[in-house]
Each structure stands twice: as structure tokens, then as C-alpha cells.
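Next come the chains, spelled out residue by residue.
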Amino acid sequence: MNVLGIIGSPRKGGNAATLTDQVVSGATSKWAQAETVTLSDLSIAPCKACAACKQTGGACTQKDDMVGLVEKMKAADAFVLATPVYYGDVTAQMKTWIDRCYCLMDMQFNSELKGKKVVLVTTFAQPDASMADHSLKTLQQFCAFNQMQVVGEIKGAGLLMPGQAKENADLMKTANELGIKLAG
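Residues numbered from 1 in each chain as written. Predicted model: local features only at pLDDT ≥ 70, side-chain atom pairs only at ≥ 80, totals over all residues. Heavy atoms only, no water.

Q: I keep staring at the packing of helix 1 (residues 15-28) against helix 5 (residues 169-183) and nothing clicks. Help me out?
A: For any two helices packed against each other, the geometry is given by the interaxial angle and the distance between the axes. Relative orientation of the contacting elements helix 1 and helix 5 amounts to 45 degrees, with a least axis distance of 6 Å. Relative to helix 5, helix 1 is oriented oblique. Where helix 1 crosses over helix 5, the two elements pack in a sense that is right-handed. Every residue of helix 5 that contacts helix 1 at Thr-18, Leu-19, Gln-22, Val-23, Ser-25, Gly-26 and Ala-27 is listed here: Leu-171, Met-172, Ala-175, Asn-176, Leu-178, Gly-179, Ile-180, Leu-182 and Ala-183. In the contact of helix 1 with helix 5, the residues fall into 10 nonpolar, 6 polar and no charged. (Axes fitted to C-alpha atoms, helices over the stretch in contact; angles between N-to-C directions. Helix = DSSP H or I, 4+ residues; strand = E, 2+ residues; numbered from the N terminus. Parallel < 35°, antiparallel > 145°, perpendicular 65-115°, else oblique. Left-handed = near helix turned anticlockwise from the far one by under 90°. Contact = heavy atoms within 4.5 Å. Nonpolar A, V, L, I, M, F, W, Y, C, P; charged D, E, K, R; others polar.)

Structural data, given as C-alpha cells:
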């Protein structure tokens, strides 16, 4: 099994990355191969809604880092999609990536991500876990549209400082267990 972690945080070593690493650790403990990418390290332009990808067999005409990421996504069996919650939704980096994934779907709405498993990770400073609901809905809709199988979700509430997730043993355990489930 090949797991691809996609981190939508602009912050290096933040809580989204910490929890993604923990999910990946659980998956690799079950012999999965894994790689993580941080979207803020890549140059990914917004979708132009030109629909050229529908004429080119799924190839976007924009030549940026999304080209290589799409190939990694096609090769993956499972994903960890992680984002901090900014102003009640996913980060700009994550939303740009979601929009650019349009190239993975044909005109009959068949997705190259169909059937792939995914764990969703959200992190946020608010202690109220419901603050992640809208962000999770965004990610869930992306997965549903692409006919992906969500095997679990993490709401990392009350995580104000970078790396603070490491201090929450229950949260780290949940992340590890979801990685094991993802690889199963």
C-alpha cells in the first residue's frame, strides 16, 4: 500500500504536520510505503476553469508543481489530507489543491481517485471541536465527489501553538490508530 500525506498548512512543523506524521507512522507500522508533501513547498497556481484538462485526457495545461503531485496521487492507494482551520475553513493552499484536482475527473464525473481510502485531519486553536465542522465538510465533499472512502477523521481542537499536538497523548494515539486502519 502506498500512502500519500498532503499537508495544507503554510506552517512548517505545525500541528497538521505532526498529526499527519503520526497517521503515517501508524500506516507504515503495517508495512505501508508513505510520503508526505506540504502544499506550501510547491508552486501550484489556482485553477483557471478553462476545462482544457477535459480536452487533453486529464492533463492540466498549467505547468507547475501540480503536474508531479498528480502523478503521486494517481500512484497512491490512500491519502491523509490535513489542514489547519483558518476562518472556519481549509487553508488557501488546500483549497487551491482541491480546485486543481478537477483534472482528475472526466466529463462523466469518473475520478482517478475513486475507491482510494483517506483519513481527514483538521487542527485549530478553538477548544470547541465543532469549529472544524465546516472544514471537514469541505474535505468530505471533495472525497465524496471523487468517490473516495473516508476511514476516519481527526479534530485537533485547542491546538494554538506549533507542535502542541505532541502533548496530547489521546490525539496522537487516535492518529496512529487511524494510520493502522488506513493501511488495513
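Q: What's the story with the pairing of strand 4 (residues 117-123) in this structure? I'm lost.
A: The two faces of a sheet get side chains in turn, since along a regular strand they alternate between them. Strand 4 sits mainly inside the fold: 7 of its 7 residues count as buried. Sheet topology note: the strand 3 (residues 78-84)/strand 4 ladder contains 7 bridges and is parallel. Each bridged residue has a counterpart across the sheet, and for Ala-82 the counterpart in strand 4 is Val-121. Crossover connection from strand 3 via helix 3 (residues 92-100) to parallel strand 4: handedness right-handed. Alignment of strand 4 against strand 5 (residues 149-156), held across 7 bridges, turns out to be parallel. The partner of Lys-117 across the bridge, within strand 5, is Gln-149. (Buried < 20%, exposed > 50% of the residue type's maximum accessible area, 1.4 Å probe, protein only. Pairing = 2+ DSSP bridges. Right-handed = clockwise from strand over helix to strand, strands pointing away.)

Q: I keep staring at the pattern of salt bridges and nothing clicks. Help me out?
A: Where charged atoms from two side chains of opposite charge approach closely, those side chains can pair. Applying the stated criterion across every chain, the model contains 8 salt bridges. Between Lys-72 and Glu-35 there is a salt bridge, and its shortest N-O distance comes to 2.6 Å. Here Glu-35 lies in strand 2 (residues 33-38) and Lys-72 lies in helix 2 (residues 66-75), a separation of 37 residues in the sequence. Judged by relative accessible area, Lys-72 falls into the partly exposed class, the value being 34%. Ionic pairing is found between Glu-71 and Lys-74, a salt bridge with its closest N-O pair at 3.7 Å. Here Glu-71 and its partner Lys-74 are both found in helix 2, 3 residues apart, which amounts to about one turn of the helix. Using a relative accessible area of 47% as the deciding quantity, one classes Glu-71 as partly exposed. Take Lys-74: its relative accessible area is 33%, and that puts it in the partly exposed class. What you see here is one network of salt bridges that share partners, running through Glu-71, Lys-74 and Glu-112. (Salt bridge = Lys/Arg side-chain N within 4 Å of Asp/Glu carboxyl O.)

Q: What is the right way to read the pairing of strand 1 (residues 2-7) from this model?
A: Strand 1 sits mainly inside the fold: 5 of its 6 residues count as buried. The parallel pair strand 1 and strand 2 is bridged by helix 1, and the resulting crossover is right-handed. In this sheet, strand 3 lies alongside strand 1 in parallel orientation, the contact comprising 5 bridges. Bridge assignment links Leu-4 to a residue of strand 3, and that residue is Phe-79.

Q: How do you make sense of the sheet that holds strand 3 when you look at a structure like this?
A: Across a sheet, strands are paired by hydrogen bonds formed along the backbone, either parallel or antiparallel in direction. Taken together, 5 strands build an open sheet; the order of strands is 2-1-3-4-5 and the sheet is parallel. One side of each edge strand has no neighbouring strand; the edge strands of this open sheet are strand 2 and strand 5. Adjacent strand axes in the sheet meet at a mean angle of 15 degrees when their direction is disregarded. Pairing of strand 1 with strand 2 involves 6 bridges; the strand directions are parallel. Following the sheet pairing, Leu-4 is matched in strand 2 by Glu-35. Lying over the sheet, helix 1 contacts strand 1, strand 2, strand 3, strand 4 and strand 5, oriented at roughly 160 degrees with respect to strand 3. Relative to the sheet, helix 3 contacts strand 1 and strand 3, its axis offset from that of strand 3 by approximately 140 degrees.

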